[in-house]
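Residue-level structural notes
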Amino acid sequence: VLNVYYKLIERTLTITATSDEITGISATSNQFGFAGAFAEGVYTATVKYGANVTLSAVVNEGYDLGVWKVLSGGVTISTNSFTMGAQNVVIEVGVTPKEYTLTFDGDGGTYNDGESDVSTPYTQTFEYLEVKALAPNRYEKEGYSFAGWLIDGETYTDGESFAYNYTNNLTAVA
């Protein structure tokens, strides 16, 4: 009697973080156990052929995980998972800054853009850590002159450069 023995092939999975804002990467399988390691922005593991691999990553506050991009290996990632094939797989992933809204509150003033007068606030969108000039004041308040914006306890002048180093939406009060 001749017995034939087959062993599942194993291939290398390499995932590179393209941003220092990624602090951890892992991959798991509910079919086959394997151990990987994340060091200096690179995750590596040896994975058996046919394993259903689920990917995850930890990113710093203020960022969203980007798209898992397959550089080689012929796999397709869907819902953070793929099936390991017969080739080594190389993937990279990055981050995108989250967007936050700065709402301008005229503190009882009337919004005036030269076309309409309304009392609702207007907004400006910032990406996390983005630096740009504050939108110009569009409020008028009878008996008052505009002195600046109060944002999180700090005063800013009209059009001043503002660094959005917050991880929540903010309100600028005239």
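Everything below is about the structure printed above this text.
Read on for an overview of the structure.

By size, the foremost hydrophobic cluster in this structure holds 20 residues, and its most contacted members are L13, I15, V53 and F82. Mapped onto this core, the elements with two or more residues apiece are β1 (10-17), β2 (22-29), β4 (42-48), β5 (52-59) and β9 (89-93). Leaving out residues up to four positions away in the same chain, V53 has contacts with L13, A27, T28, F34, V47, N80, S81, F82 and M84. By size, the runner-up hydrophobic cluster in this structure holds 19 residues, among which are L102, Y111, Y122 and A172.

A word on the sheet that holds β2. Spatially, β2-β5-β8 is the arrangement adopted by the three strands of the open sheet, whose pairing is antiparallel. Of all strands in the sheet, those bounded by a partner on one side alone are β2 and β8 (81-83). Between one strand axis and the next, the sheet turns by 25° as a mean value, whatever way the strands run. Pairing between β5 and β8: three bridges, direction antiparallel. Directly across from T54, in β8, lies its bridge partner S81.

Turning our attention to unusual backbone geometry. The phi torsion of most residues other than glycine is negative, and most of the peptide bonds are trans. Within the chain, L129 stands out as a residue other than glycine whose phi angle is a positive 70°. Here L129 shows up in the loop between β14 (122-127) and β15 (131-133). Positive phi, close to 50°, is recorded for D152, a residue that is not glycine. Positionally, D152 belongs in the loop between β17 (149-151) and β18 (154-156).

The space that makes up the largest pocket amounts to roughly 220 Å³. For the largest pocket, the full set of lining residues is G106, D107, N137, Y139, E140, K141, Y144, S145, F146, A147, G148 and A174.

Looking at the secondary structure, you find V67 in the loop between β6 (63-65) and β7 (69-72). Given a relative accessible area of 71%, V67 falls into the exposed group. When the C-alpha positions of V67 and E92 are compared, they lie 8.4 Å apart, and in sequence the two are 25 residues distant. Not counting the four nearest positions on each side in its chain, V67 is found in contact with E92, V93 and G94.

This part covers the packing of aromatic side chains. Counted according to the given criterion, the structure contains 13 aromatic pairs. Each ring, one from Y63 and one from Y128, has its centre 5.3 Å from the other, and the planes form 90°; the classification is edge-to-face. Here the residue Y63 occupies a position in strand β6, and Y128 occupies one in the loop between β14 and β15, the gap between them amounting to 65 residues. Taken as a pair, Y63 and Y128 share a single burial class, namely buried. For the ring pair F126 and F162, a centre distance of 5.6 Å and an interplane angle of 75° mean the geometry is edge-to-face. Here F126 is found in strand β14, whereas its partner F162 is found in strand β19 (residues 161-163), with 36 residues between them in sequence. A single burial state applies to F126 and to F162, both of which are buried. Here K132 stacks its cationic end above the ring of F126, 4.9 Å away from the centre of that ring. Above the plane of the ring of Y122 lies R138, whose end atom (NZ or CZ) is 4.8 Å from the centre.

The rules behind each value
- Residues numbered from 1 in each chain as written.
- Predicted model: local features only at pLDDT ≥ 70, side-chain atom pairs only at ≥ 80, totals over all residues.
- Heavy atoms only, no water.
- Core = buried A, V, L, I, M, F, W, Y, C linked by side-chain atoms within 4.5 Å.
- Buried < 20%, exposed > 50% of the residue type's maximum accessible area, 1.4 Å probe, protein only.
- Helix = DSSP H or I, 4+ residues; strand = E, 2+ residues; numbered from the N terminus.
- Contact = heavy atoms within 4.5 Å.
- Pairing = 2+ DSSP bridges.
- Axes fitted to C-alpha atoms, helices over the stretch in contact; angles between N-to-C directions.
- 1 Å grid on protein atoms, 1.4 Å probe; cavity = no way out; pocket = protein on both sides within 12 Å on 5 of 7 lines; lining within 4 Å.
- Points joined across faces, edges and corners; volume = space filled by probe spheres on them.
- Phe/Tyr/Trp six-rings, centres within 6.5 Å; stacked < 30°, edge-to-face > 60°.
- Lys NZ or Arg CZ within 6 Å of the ring centre and 35° of its normal.

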